[in-house]
Structures are given as structure tokens and as C-alpha cells.
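Chain by chain, the residues run as shown.
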Amino acid sequence: MRITNLLRSKEEKSAMTRKKAGAPPGTMVYTGVREMDHIMVHLTQYHGNFYDCQTIQDDFPEPVTPQATLWYDMRGLHNVELVERLGKRYGMHPLALEDVVDVQQRPKMEVYSDGVMFVIKAFAFNPDRLELSIEQVSIYVTDGVVLSLQEDSGDLFKSVRKRLETSSGRIRTRGADYLAYALVDNVVDKYFSVIDQIENELDKLEETIMRSPEVETKSKIHDIRLSLLTLRKSISPLRELMNRFADTESTLITADTQLYVRDLRDHVIQITDLVETYRDVTNGLYDLYTSEISFRMNSVMQTLTIVSTIFIPLSFLVGVYGMNWDNMPELHTRYGYFVLWGVMLCLILGMLGWFRSRRWI
Amino acid sequence: MRITNLLRSKEEKSAMTRKKAGAPPGTMVYTGVREMDHIMVHLTQYHGNFYDCQTIQDDFPEPVTPQATLWYDMRGLHNVELVERLGKRYGMHPLALEDVVDVQQRPKMEVYSDGVMFVIKAFAFNPDRLELSIEQVSIYVTDGVVLSLQEDSGDLFKSVRKRLETSSGRIRTRGADYLAYALVDNVVDKYFSVIDQIENELDKLEETIMRSPEVETKSKIHDIRLSLLTLRKSISPLRELMNRFADTESTLITADTQLYVRDLRDHVIQITDLVETYRDVTNGLYDLYTSEISFRMNSVMQTLTIVSTIFIPLSFLVGVYGMNWDNMPELHTRYGYFVLWGVMLCLILGMLGWFRSRRWI
Amino acid sequence: MRITNLLRSKEEKSAMTRKKAGAPPGTMVYTGVREMDHIMVHLTQYHGNFYDCQTIQDDFPEPVTPQATLWYDMRGLHNVELVERLGKRYGMHPLALEDVVDVQQRPKMEVYSDGVMFVIKAFAFNPDRLELSIEQVSIYVTDGVVLSLQEDSGDLFKSVRKRLETSSGRIRTRGADYLAYALVDNVVDKYFSVIDQIENELDKLEETIMRSPEVETKSKIHDIRLSLLTLRKSISPLRELMNRFADTESTLITADTQLYVRDLRDHVIQITDLVETYRDVTNGLYDLYTSEISFRMNSVMQTLTIVSTIFIPLSFLVGVYGMNWDNMPELHTRYGYFVLWGVMLCLILGMLGWFRSRRWI
Amino acid sequence: MRITNLLRSKEEKSAMTRKKAGAPPGTMVYTGVREMDHIMVHLTQYHGNFYDCQTIQDDFPEPVTPQATLWYDMRGLHNVELVERLGKRYGMHPLALEDVVDVQQRPKMEVYSDGVMFVIKAFAFNPDRLELSIEQVSIYVTDGVVLSLQEDSGDLFKSVRKRLETSSGRIRTRGADYLAYALVDNVVDKYFSVIDQIENELDKLEETIMRSPEVETKSKIHDIRLSLLTLRKSISPLRELMNRFADTESTLITADTQLYVRDLRDHVIQITDLVETYRDVTNGLYDLYTSEISFRMNSVMQTLTIVSTIFIPLSFLVGVYGMNWDNMPELHTRYGYFVLWGVMLCLILGMLGWFRSRRWI
Amino acid sequence: MRITNLLRSKEEKSAMTRKKAGAPPGTMVYTGVREMDHIMVHLTQYHGNFYDCQTIQDDFPEPVTPQATLWYDMRGLHNVELVERLGKRYGMHPLALEDVVDVQQRPKMEVYSDGVMFVIKAFAFNPDRLELSIEQVSIYVTDGVVLSLQEDSGDLFKSVRKRLETSSGRIRTRGADYLAYALVDNVVDKYFSVIDQIENELDKLEETIMRSPEVETKSKIHDIRLSLLTLRKSISPLRELMNRFADTESTLITADTQLYVRDLRDHVIQITDLVETYRDVTNGLYDLYTSEISFRMNSVMQTLTIVSTIFIPLSFLVGVYGMNWDNMPELHTRYGYFVLWGVMLCLILGMLGWFRSRRWI
């Protein structure tokens, strides 16, 4: 069940496979499975002191003032036609449109003649099932307009919207490229909390292993490994993406924004480091678990061996004197029975001493 | 049996070895073993609205119109002479011809003065035997003509032929280089379904290991490892091939087609990532299997130890009072037997308590 | 508990997370948790023969002579406002100020138009808990002024202050850039003692494993692994930092100082090597531990097997002659009992011989 | 015994050590141990239609025609003086001569002012002892003359000589550089058959492990590992050698020959890939072996536990009623004995059911 | 005890730590612990036919002829003042002098304005304790003068001195740079014999493991691992050192000598390869040891299981007929006893057959 998360769910994958097998390049096919009741499109406009946010249906209004920056925040991609109309309204390249609805993309940044496209992954970690859920987010920036397109209805960009509303951090005074940066930054920042949650699980696992390893411990370690693998797969292309973002010659991205992107790149490097480190930590936990099991097995074996080694010879001795031979002279001595108890006690003490000398007890 | 798949079957390999040991470079020797009853050659011609597909024997007709693009789809390579005639008809270099029939090639792209040659591998995964079957496909493109040469009779390029027939995706309006791209793309797309099938097997294995590892589980993991090794061996050179394809200065490949090749390159990178990820997943499964076995062994040991540790001392006690000494005063007491039962019950309870304190039960 | 050290303590991390989730870039938020009673700021001024060190509260005095080098040594960062005032007094860039109080930074060197900033980590190793404590140290150098800002009240730079006071090593005759180098060098030198302490623990662990592995041995190995991971995470960026330091074109760093930085770079490389080597050593110890456990288990098993294999058949034999059949002719022979003893002795000797031939005893 | 193969045999190595310790650089010392009865030197001359092959003793005749290509094939190197005379006759550099007789060289290509020298390794695999035997081959090419010098008397270059004799592959029409290429190609081609043999052994091992692992299985895996290590050590420098060969600016190597060298380079890369792949396969087999042993141990343990857990409590019960207490009321009941049998049968069935529920039987 | 060898002995390290913690850069502190009774300084002068070697105390005489090359061979470094006087006499840079007595250096080559300094490590392997002893050797070359400074009194450069004395290898005709090369070469050559000795130990270990693994086998593997780690740590920087040596632009090193250095570089690469290979071999041995232990444990377990599985049910049976029930009809049959023996024999044979079918016996 869980391995499939690496490539999203089974249904999505078979959708992808179906697409892959037949359609020619350039066809828009939604390869995900999340179909919501209705697609939400939020249009935010701002410019200096002006700020307005509205929900639109399927008409894309003119900007209120020509200088305003427009941000379309679309949630839900199953209506391919609507996506296409929005994209074409702002001159998106057909290949970019195809990438938006093909939610199996590797994270990437593509520079078109009149727009820049980012495809990145947003994650959420479910601590109960130790599973990552992945969502593809596309951000398209063109002159004065930013489109963000995501599959699910969750409000990924809440904090950016809030900063726009309260105008904190001077975000309103900057252009569309800074908004695009802020959106990407917002997604990347969430990786930290995913990694934090994974760390908490590793912490709990470590304590469990130390106290007493359980049967599901090993599958939990396995699940976290898979989650880290998935994270790595999505984060490793980000490093190059950030380099291209920071160094792009596209006139749509100002030098001022690129300064901030460099900061973001540092975060991405830090996240990459953390993922690698936690992979090492997970391997370390697995080793710890294995050696804990070995140690326990050794201690179980020692107990068994001590008990058996003491009592099996004694049982033999008492068996000897339970035999029914006609001629067993010892049986008829007066203190034979007590002498035997003495011998057996000596045997027990001798063996206990020997075990102590081998550090078994 | 299975390791040999890494280098195709045993017979093929000994064929290769025989060739290697003797012949000078430049000799055409078919190093495969698949000999079909008759070699099939399909000739497809198209140009704008015109489309024609026919099966030819061993004459290579003139194109219907000079602007038409010709695609020879040859299946079966054991008739080296026929391959040579076809190749020479369209000016293939002797070294390229040699590569076509030597089916042990590494995937590669070679640019000749008047043609470009691609050698790639097509895979099929047999989920029952957990085996990959490999077939070498050579694609040669020269001015207005594409040759595709494969060993087996399976119709690898069904979907391309269909798109040509229905003219979907404007494939007919583009030249021979785009067709060559479409053929390569077609083979690469199939890798996704192979990887999907492998993933399904990994899924099943994971469930089996969680439920109850079987004796053949470990050999299944081993088989999938070998399949992934084989895939990696064939896919890793594709990355460089795609770079050369996308950046070639050969005038046979138009800039327009190269744009599409860049997309294909992204797919190849994605596949490479997936193969690496699944290798990690397979190692994780192996660890899971190993620790599952250890955990079971530990639990088996604990059962044995609990039973032995409880009953061996008791057996010793009852053995004591089964002895036949003349002088054993306890035996003649009235309630000795019942006292013994009490002592033994206390022993049992004491040991159960001790086991619980060690978390064994 | 211990894994969290990789990212400092839990409280600090949740502080970081809180910050990350909301604030726009450029906001100063202290992401640590160490709040001291009062922040200490030491101002040291020196120039040739002149040396003066005073504790200041929140006024930043004019230098005594214009040529004097000023060194502000601030300990405690929770008062963000004070940090900001000090930084702004000497023209620190807002991004640099943000980095000072965000104690989750990767080690880095940033060149601003009128200052150079170093962010590095200072470590202390607690041998009893096998834990590393981490502290972030920022060093900002501008014309004639050095600011060093650390979280804790510990006097990290004692030896530098002493050298300034006694004027040993001609440190007083050099400028602010040499002082910055001396401070960084001081922190890096402490890594050696941390590594020394880790090595001592590895030494002790090795002896313990050789003598008799204990239940906590494996968790100690695990702890040291985590410490080395943490060290590596903080030291690996230092290598690049040193290269940038040694090759920077900033006019604030003189060529003379860069010569010394090259020496320091050698130390960093040596530390990196040592950390990698000790990671290998730790893995080696883990293997040693594992095989020690296996060897012990094997020897326990052999003991059990020897005892059982000798006495179980003998117990069977004595059981046979404890049966109560009416018709058991052997029982009534005269020397049967003694013959049985003879047979049993032969059995014992035979089995001992067989064990010796298998090298079990 | 076997590890020494990594550096040839023990005697050879001590010879090497002796040399290393004393002699100054530039001294010719044969560091091998293969002393044959007499050194064989074959001189082959060819030019277009002319071909002649003779065995010479210690005179090096003038070429029959000035345009003829001369190939000296010398087998046996212990006569250092003879090697020196042959080398000096054709202007070999003293350092090149030293390399010829020092058979511990890393594979390399050296360009001297008037000659090019190749040092490579020839392998033979002994499937019975799972050992590689290594022989150093030096090939020196100068204007119109090729010297090949090997240690052993085996005819490594049989197929080249045959092609020369029959003039197949137009080898006679090309110059000395092509001959040198053909000789190197010949040695490299033999690597494929060595790898084939190793693969066969891996195949057999896999079957053995699947059927029933034997005590020598693990040492066989170990031997193959060592062989692959040895191969890798000799093959990895070949990659760079081939690059230098293909790109050399030496006028002795024609562009035409370099085209063929590029092909050869592809083979070397393929061999490197194969060796790496088989190293992975060998590690996989080792894991398979380990888990097979674990699985068996687990199944052995289960058998033991089932038998013990069923019978130990029963033995206790029958022991109870074998005691000799005066007052044991049950013994005198009429059907007590049969009731006990019933109880014991229930116990057996209960335990079997419990084992089945734990999937032990 | 042994891990400390990685950084020399404990005393030396604490000396280093003490130094590190306090002193400013540029201070000469001897960080080793080897204090000999008196420091030996050998002065060798040679020029063409002239050769003279004398032991000097603490005066550094003028050269006999101006063209003579002087070689000071100093053994023992604890007298820092003497080292400083010798160094200053020939213009050594203070930083170079500091490096000579700080015996914790990474191997390196430093080019000063009027001299070149090499710091390398000399090793000796103690086969009994499986320990490496390390000694730092500094070689300083300036115009016509070579200083070699080592810690211990052992004559590392015996063979060079002999070659100088006998003038073999024309060493006397070359200058100081060639002498420096010869000294470095001499140290590097000794690595081969250290590796040889390690290989011998690996050979012995392999045989021991195959025959019968002992309790100290695993710690021996561990010791060799540590030795190889130590070697690698000291040898890996040599590769870069050799590149710098071979390509230096310092006028002190002639092009002629650099030709020889290239040869030496090949040796260093070969040694690096060998160390890596033996690390792999050591890991292989560890695996072999582990699987040997597992195999033995499995065979021990099988023995135990066979014996127990056969006799425990039989003991139960004989126990049954040792019970004292009043009503046990079988006991009074005539041939019951013999029938029981028959049943037990059948049981034994049946179980033996079953074990054989599972390949346990």
C-alpha cells in the first residue's frame, strides 16, 4: 500500500500510464484523481494601498487599475478546459498548460518567451499512518499576473494572502515576480514542518526501541524511510531549480527578487542536508533495532541455557534412582537420598559459579 | 538462470563470445538467437494528407511522392544480408550496420555524415517469473527516411502507426526527424509501465513480508533486484544520449524536434530517478524481511524458553519423588503430595511474573 | 530525546517552526530559547600599546583613538532590539541582522557592501550524556570594528582576549580582519577537543565491547553516531566558507590575513577528515558489537547443545528402566544396572569426542 | 592463499618488495617469477600481399622491404638483457623498458618522443579454483614497428596473427598503429569471456543457495568477490587510457585508427559496467545466502520449539503420576489413567492449534 | 587503546590539545612525545666524485666546496631551539618551522619564496599487535641544501645514503631537488611493504576463518580496518601533493626531477588503489566471518533440534509407562515392553527420514 505513495496513489498512476501509452505530446490530460465538487478560483488584486480579493467563477475580469498585480489562485484541476481558458487568457504556452495538469512532473522551472513557470510539490505528513501526501503546485508568472494552480482545495497560501492583506513585509510594493517568489518560499517553508514531524516520529521510535521493540517498529522505520525517499525525490531537483531561479536572465524576475531567492536557495540546501541526515538517522535506528533484537535473543538464549544446563543433568540423576533394577545397592543405604541432594546442590552451585565466570549471570 | 538475463540468455551470450573472440571489427554478425519464420518489413509513407502502409518482401520501392517521409519497420534481424541490403539502399555506414545486428550494444547515438543512428533497448516485464525480457531496437534516420530495426515480431510502434494513420498530434506534418523522436519516445514511455509492474510486485512483497514471510520471498526480492540492475544498466546511458540528441548539430534534426527531445530527456531523468528509488525501496524491503525473520526467531525462542524454563524444574521435582530410595521420609507424610503441588504452582506463578517483568509475555 | 539535538532542542525548533510558518523574510525573530538574566556586552579596544576592556550596557561609546580596533563581544541574543541597535550603529545589513538572531542558520560567510559576516557553530560535548550542545556564533567585521554575537554566556574567546591583553603573537598590531580570523580560528580549534572527547568515548566503548558488551553499549554507539552526524552537518559547509574567506576580494580582508586563513582551511579539512574517519570507526565498532553478540550467542548455543545432547538420551535410557512393565527381563539380571552405567559412560565419552572433532569444545 | 592474487603470487610480491626497497629508479629488474625454459620471439612482417612469420633467437633482422610493418611478439621476460637489446634496437626509452619488466604496473599509456607504450593486463579465469591469473602485456609502437612483450608462453594474439595471415579485415593494408590497436582490442575482448565465466559461476551459486546452501558457498562468494575486485583494479585505469588513446596528438596514431579506438572505448565502458553490475549481483547473492541461513535457522528453531513445547509439559504430567507418595488418591481411581490420556490429547491438539494460529505450522 | 593510533598516542594528543587551545599561530611547539637521549644530526655533502658524511653536534659548518649539495638528516625534534637554529641557518620560514615540530600535520607541500617544504608520514606495521606506528617526516629543500627532519632515531633513509656513497643511479650528479625527490620516494616505497604485511595478516585471517573462527578473529579484523583507515588518512592527501610536486613552478625543482616525480605519482595512485582494495577485502572478510558464525550456529541448532526432537517424545513414552496407576492394562501384557521398543525404533527411523528429507542430516 505504502510504496505506491512514491508515485502517488494507484489510480493516479494507472491514469498516468493510460495517458503515457497513447496520447501524442502536447495533449492536456489531467493525470490526477482528485475531483472536487467545484473548482475554486480566487482573484487577488493589489497595488500600493489597494487590496481586493474575490472568488470568480469562469470569467477573468480586467484589472481594476493597470498597475495592479493580479494573482489567480486556482484549486482543483480536473476541469481541463477551464485551466486552458485561464492559461490562454494570459498567454501560457501549450507545453506549460500540459505540465499543469500532468501532476506527475518532476519539479522544474521553465522560461518561456513571455512567462516563467514553476512546478513544485507540496507535502503534508500524516503522523498516524506515517504517510506523505503529495500535491503538485504550478506557479506561472507573466507581466503583472501570477497564476497558482493546485489540485486540492486546501489553502496553501494562507500566510501570503494575509501578508498581502495587512501589507506586512512590504510585499504589496513589489511586483508579480516577488509574489511568485513568496508563493514558492511558502511551499518550501512547509517542508521544514514536514521534516519536523518526521523527526518527532523518529524520536518516538528511538524511545520505543530503547524501551522494548515491538512488532510494528520495523514497519514504522520502513514507512519513514519511504517518506524520506519520496521527499528526497521531490527536493533534489529544487536545488538546481533555485540556481536557475537565482541566475535567470528572464526580464520578468528583477535583481531585487533574486537576492531573496538566494536566501531561499540556502533553505533548500538546508532541507536537502536535513533529509540526508535523517536518512542516516533512520538507518542508524534500523541498526539499533536489529542489535536490540539480537541482544534480546542472546539474553533469552542465556536464560534457556542456564535453566536447561542446571536441570537436565539433575533430572538425569533423579531418573537413575527411579529405575526398577532388582540390584541397585545405593537405594538401600540409609542416607543415600540425602547424599544425592547434597551432590545435586553442589552441582547447582558449581554451574552457577561457572556461568558467573562467563558473565552470563 | 536469472542472472543470465543481465546479458540476455545463455545461448545469445555464447554467440556473442564466439563472435568477439574471432571476427575483425566491421563484420556483420547477428549475435541474437531469435530466428523467426520470416522477417517482416512494413513500409509506411506519409506526407500531409497522404498515408500508405504496406508489407514488403525484399524490394525497396521508390517513394510515392518525393516529399513523402518513408518509414521502414523491420522485425527480425537474423537475415543479415537483408539488413545489409536495406541499410545500403539508404546509405548506412558499415559500422552502423554492424551495430544493428550486434544486439549486445550499449544504448548509444551515433552521428554519421549522412544519417543519425539510435540504439536503444525495449523491455517487457514478466510478473510471474519476475523477469525482464530485453530487445534491442535500432533507429536510423536519414533525409526523409527512417529505418527501425528490432529483433522480435512484437509491434512496438503500434501507437505511433495509429497516430500517423489518424494524423492526430500533427505528426504527419513533420519530417523524418520527428518520426524518429516519436519512435524513441514510444520506447521510453514503455519503461514507465515496466517500472509500474515492478512497483506492483514490490507492493505485493511488502504485504507478504508484513503478514508472514515465505521461503520464496527472499528470492523474489533478489529477482527484482536483478531486474532493476538490468534496467539501470540500459537506462543510464540514455541520459547522455538524450543530451546529445537535444544538442546535436546534425542538420538532420530540426530545432523544433529538439524542443520535444528536451521533454523526453526529462522523462529519462525521471525514470532514472525512479529506478534508483526502487533500488532503495528494494533494499529497504530486504532489511524489513531480515528483521521480520529476526523478530520471529526471537518470538519463537521466547516461547521455547518460557515453556522449558517453567517445566524443566518441575519435571526435576516430580522426578525426585519418583525415586525408589528405601529411606525417603517425605513420601510417607500425609499431605506431602498436595504440598508439592502447591510448591509447583508457586514456582509457575513466580516464573510467569518474572517473564512479564522482562516483557517476554 | 537525542535525535532532536540534530536540530537543537525541541523548544527551539518549535520556535523556528512558528517563525517559518508566518513571518515575511527580513523580520528579526530570535529562534533560540536561551534567555539569560541580562545580556553581557564586552567592548575591547586596542591599538599598538593601548588596550582597554570594559562592560557596557546599552550605549555604544566612541572609540578612544580613531585608529583603535573595537571588538564588541555580545553574549545573549534574546533582546532582539538591543542586537538591532548595535548592528545598526555599525551599518549591518538587515538580512545580516536577521541571520544573527535566527540561530538555525547553516554556517556561512556573506560579503555585504561594507562588512563581512561569518555564521559558525560552537560545540561542547557532554561525555556523560554523549550529547553535543550547539551554539551559533556570528562574527561581523567592518572597518575597524568586529562584532561577535553568541547565544550563551560562556566565554568562548577567552584565549583571544588574553592574547590581546598580553599582546602575544603580535595580534594587537594587526587590524580588525585579523581579529575576526582569530575569533573564527578559536572556534575551529575547539572542534579538535570535541573530536578528542568523542575519540575517548570510542576508546572506552571498544574496550567494553571487547570485554563484555552491555545492554547500553548499542545506544552509546548510536549516540556517538548522532553526534558525528551533527558535527558533519555543521562542519561540511565550513570548507567552502574557508575557501571564500581565503579568496575573497573584499577589501576588508588583507592579503596578510588570508595567508593565515589558508592555514585555518587546512585545519578545517583535517577536522572534516577526522569526522569521516570516526564515522567509519563508529561503524566498525557497531560491526564489532554485532559480531561479538553473535559470537556469544553461538557459544551459548553450543553449551546448551552439548548439555542437552549428552543428557537427553541418557535420561531416555534411565526412563526406560523406570517403567513398570510386568515383563522386563533385563531388570532382573544381576549386573544389569552396572552394565547400564557402563553403556552411559561410553555414550558420554563418544559424544564428547564427537564435539571435540567439530571444535565445539 | 587467494587474497594474494590481488597482487599476483606471494613470491612475485616479495620480489617486488625487494626491488622497491633498494634499487634507484631507472633500473631494469624483472619483478615476476615466471621463468620459462627459453624465451620465444616471433617476428611477423607484412605489407600488402606480403606476409612472413619467423621465430628468431637473438638477432633482430632488417625488414624485408622498407615499407613492411614489423611485429615482434616476445614471450618470457626473465632475460632482462634480451628485452633491453630488443628495446634499444627500436629506440625504446629506458623508463619504458623498466616498465616492461616491472610486471606490477598499473595499466597505462605513455607517449614518448618516438614511440607509444601500452601496459595492460591479460586475464584467465580458473573456474575450479575460482581464481584469476594475471599477466602483464606491454605493447610498444614506433614507426613501422610494434613490439608486444608478455610474461607467459600462451599465444594471446592467435586471432590477430590469423587475420594477418589470411588478410581478413584489411588489417594488412593498415600500419603499425592499427596493429597495436588490434593487439589491445584482442586483450580487451578476452575480458568478456572472463566475465562470462564469472557469471556462470554466479549462476551456479544462485542455484545452490536456492536449493540448499553448503558450507563452501560463502567462501565461493568470497572468491568471486576477490576476482571482481582484481578485475576492477585492472580495468578502471583502462577507461582513461582509452580516452588518451582516442585523443592522443601523437603522430604515430592515425585518425583512422582512432575511430576504431573509440569503438574499443565503448567496449571498455561496457566491461566496467558489467564488473560493477556483477559486484552488485555478488552482494545480492551474499544477502540471499545470509537470509537463506536465517530462514533455515528460523525453521529449525520452530521445529525444536514445537516438539519441546508439546512434549515437555506432557512429560511433566506423566512424571507426576510416576511419583511414589503414599497418599496419591488419583492413582487409585478406576479410569484415572484413561482420563490423563484424554487430557494429554487435548493439550496436544490445543497447542497444535495455537501453533497454526501463529503460522508456525 | 588502538583507536587512539589514528591520532597517535594519547599523550601526544593531549599535548596537541594543550597547544591548540592556547598558543597563537606561529609558535613552535613540539606536539610529539618521543624524547631521545640526544638528537642526532648527520651532515652529508657530495658533489660529483666527492662524498662525505659526518655527525655534527650543534654547529652547522660551511660546505666543503661551493658546488656541493648538503643534506642535513636530523633525528629527534624535542629540542625545538636546535630545530629553529638549523632552520634559520638556511632561511626556513617561521610557518615551515612550526609545521616541522607540530607532528599532527596533514601531509602537504608548501612552496615558500626560497624553499620548498614537504611534510609526509612514515609508517611501520607491527604484525603482532596489528598496529601502525606513525612518524612525521619533514623535508625542506632550498638552494643546494636539503634538510630532513624526523622524530625517531630509526635510519629511514639508509638506502638513499648508500646510493650516495656508492654513487649508484647517478644520484650524486643531480642537485638538491633530486635528493629531496629520492627521500620522498624512499618513504613512499616503504608503504608497499606496510601494505604487504597487512596483506599477509589478511591472508592468515582468511585461513583462520575458513578453518575455525576464534574469539579474537573479529577484533583482528577490526584492528586491520583501523590500520587501513589510518593509512588512507595519510595517503589520500599525497595524491594532490604529488600533482603539485610534478607541476610546481618553483625554480628549485628542475624539469628533469619532475619527470621522476610523475613516476612516483603513479606509485602513490597504486598505493591508494591498494588501500581501497584492501578495505574492500577486509569488509569481505568481515562478511565471511559473520556468515561463518551464522552457518555454525545453524549447524549447532540442527544438532540440538535433531537430538531433542528424537528423544523428547521417546522420554515421554517411557514416562507414561513409569506411572503408578492402579489400572494400566498395557503393563500387564506379555510383550508390551517389546512392542514399545518396536514403536520407539519406528519413531526414530521416521524422524531420521524426515530430517534427511529437510537436508538437516
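Residues numbered from 1 in each chain as written. Chains lettered and ligands numbered in written order. Predicted model: local features only at pLDDT ≥ 70, side-chain atom pairs only at ≥ 80, totals over all residues.

Trainee: Quick rundown of the relation of the copies chain A and chain B? Include the residues and the values.
Mentor: In this arrangement, two copies of a chain are superimposed by a rotation about an axis accompanied by a shift along the axis. Overlay of chain A on chain B (RMSD 0.1 Å): rotation 72°, translation along the axis 0.1 Å. Interpreted geometrically, this transformation is the action of a five-fold axis. Residue Gly322(A), judged by its C-alpha, is the member of chain A lying nearest the rotation axis, at 4.6 Å. (Least-squares fit on C-alpha atoms with pLDDT ≥ 70 in both.)

Trainee: Requested: an account of the interface of chain D and chain B, with residues and values cited.
Mentor: Facing the 52 residues of chain D at the interface are 49 residues of chain B. Looking at the side of chain D that touches chain B, the elements with two or more residues in it are helix 4 (158-166), helix 5 (176-211) and helix 7 (255-320) of chain D. Per-element tally for the side of chain D that touches chain B: the top contributor is helix 7 of chain D, with 30 residues. (Contact = placed C-beta atoms within 7 Å. Helix = DSSP H or I, 4+ residues; strand = E, 2+ residues; numbered from the N terminus.)

Trainee: Account for the nonpolar core, naming residues and giving values.
Mentor: Core analysis: the largest hydrophobic core is formed by 391 residues, its most contacted members being Val184(A), Val184(B), Val184(C), Val184(D), Ala180(E) and Val184(E). Setting aside residues up to four positions removed in sequence, Val184(D) forms contacts with Phe118(D), Ile120(D), Ile139(D) and Leu264(D). Judged by nonpolar contacts, the second largest core, of 60 residues, contains Ile310(A), Phe311(C), Val320(E) and Met323(E). (Core = buried A, V, L, I, M, F, W, Y, C linked by C-beta atoms within 7 Å. Buried ≥ 20, exposed ≤ 12 C-beta atoms within 10 Å, placed from the backbone.)

Trainee: For the sheet that holds strand 1 (residues 40-47) of chain C, give the residues involved together with the corresponding values.
Mentor: Residues and elements named next belong to chain C. Read across the open sheet, the seven strands follow the order 2-1-3-7-6-5-4; overall the sheet is mixed. Only two strands of the sheet have a single partner each, and these edge strands are strand 2 (50-56) and strand 4 (108-112). Across this sheet, the average inter-strand angle for adjacent strands is 15°, counted without regard to direction. In this sheet, strand 3 (residues 69-75) lies alongside strand 1 in antiparallel orientation, the contact comprising seven bridges. By the bridge assignment for strand 3, His 42 is matched with Asp 73. Relative to strand 5 (residues 115-126), helix 5 (residues 176-211) is tilted by about 20°, and along the sheet it contacts strand 3, strand 5, strand 6 (131-142) and strand 7 (145-150). (Pairing = 2+ DSSP bridges. Axes fitted to C-alpha atoms, helices over the stretch in contact; angles between N-to-C directions.)

Trainee: Can you lay out the sheet that holds strand 3 (residues 69-75) of chain E for me, pointing to particular residues and giving the numbers?
Mentor: All names here are of chain E. Strand order in the open sheet formed by seven strands is 2-1-3-7-6-5-4, with mixed pairing between adjacent strands. Only two strands of the sheet have a single neighbouring strand rather than two, namely strand 2 (50-56) and strand 4 (108-112). Across the sheet, the axes of successive neighbouring strands diverge by a mean angle of 15°, strand direction being ignored. Here strand 5 (residues 115-126) pairs with strand 6 (residues 131-142) via 11 bridges, running antiparallel. Considered in strand 6, the bridge of Met 117 is made with Tyr 140.

Trainee: Now, about unusual backbone geometry: what can you tell me, with residues and values included?
Mentor: Here Arg359(B), not a glycine, exhibits a phi torsion of approximately 60°, which is positive. By secondary structure assignment, the location of Arg359(B) is in the segment after helix 8 (336-357).

Trainee: Tell me about the packing of helix 6 (residues 217-247) of chain D against helix 7 of chain D, residues and numbers included.
Mentor: All names here are of chain D. Axis separation between helix 6 and helix 7 bottoms out at 9 Å; the angle between their running directions is 160°. Comparing the axis directions of helix 6 and helix 7 gives the class roughly antiparallel. Viewed along their axes, helix 6 and helix 7 form a crossing whose handedness is left-handed. Within the contact of helix 6 with helix 7, the residues separate by chemical class into 19 nonpolar, six polar and seven charged. (Parallel < 35°, antiparallel > 145°, perpendicular 65-115°, else oblique. Left-handed = near helix turned anticlockwise from the far one by under 90°. Nonpolar A, V, L, I, M, F, W, Y, C, P; charged D, E, K, R; others polar.)

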